[in-house]
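# Structure at a glance
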Amino acid sequence: IVSWTTDDLERGDRLSEQGGDEAIEISQLNEVGEIRVVLRKAVGLVPVSSRGRCDPFVRLELVDPEDGKPHKLRSRHLKKTTSPQWNQTLVLRGVKRRLLLEPLRLAVFDYE
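Residues numbered from 1 in each chain as written. Predicted model: local features only at pLDDT ≥ 70, side-chain atom pairs only at ≥ 80, totals over all residues. Heavy atoms only, no water.

### Structural notes on the overall build of the protein
Along the protein, the regular secondary structure elements total zero helices and seven strands. Going from N to C terminus, the protein has its helices and strands arranged as β-β-β-β-β-β-β. Across the protein, the fraction of contacts at a sequence separation of at least 24, relative to all contacts at a separation of at least 6, is 72%. (Helix = DSSP H or I, 4+ residues; strand = E, 2+ residues; numbered from the N terminus. Contact = heavy atoms within 4.5 Å.)

### Considerations on the nonpolar core
Formed by 13 residues in total, the largest nonpolar core has its most connected members in I35, W86 and L92. Breaking this core down by element, the ones donating at least two residues are β3 (32-41), β4 (56-63) and β6 (85-96). With four residues, the single largest contributor to this core is β6. (Core = buried A, V, L, I, M, F, W, Y, C linked by side-chain atoms within 4.5 Å. Buried < 20%, exposed > 50% of the residue type's maximum accessible area, 1.4 Å probe, protein only.)

### Some remarks on the packing of aromatic side chains
In total, this model carries two aromatic pairs according to the counting rule given. Taken together, the ring pairs in this structure connect F57, F109 and Y111 into an aromatic cluster. Lying over the aromatic face of F57, R74 brings its terminal NZ or CZ to 4.1 Å of the ring centre. (Phe/Tyr/Trp six-rings, centres within 6.5 Å; stacked < 30°, edge-to-face > 60°. Lys NZ or Arg CZ within 6 Å of the ring centre and 35° of its normal.)

### Brief notes about the sheet that holds strand β5 (residues 70-74)
A sheet is described by the order of its strands in space; here three strands give the open sequence β5-β4-β7, paired in antiparallel fashion. In this open sheet, the two edge strands, each paired with only one partner strand, are β5 and β7 (105-110). Direction aside, the axes of adjacent strands within the sheet are offset by 20° on average. (Pairing = 2+ DSSP bridges. Axes fitted to C-alpha atoms, helices over the stretch in contact; angles between N-to-C directions.)

Below, the structure is given as structure tokens:
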């Protein structure tokens, strides 16, 4: 789940970008706010240790094509599981709304 919020919105209001039919005006693309990514779970990860375990975490990256600046976050790592349940919200703050049009890269890594 990916959503967009700005400080201009009243508490409890939220604009959601999930493939809806909402039209975004060009002037809104440079609004600065935050992008929230809700990370739920992964199922059936391939274990990397000889003991059949992994300590997975997720790295999230969103690159601004105008200046090449990457916005990066990472989840907490969970120990000894191939089906992690993070149920964690990752927040990219101070980003422009136009970045919702860019690819959001998620990758799962082993902590060790």
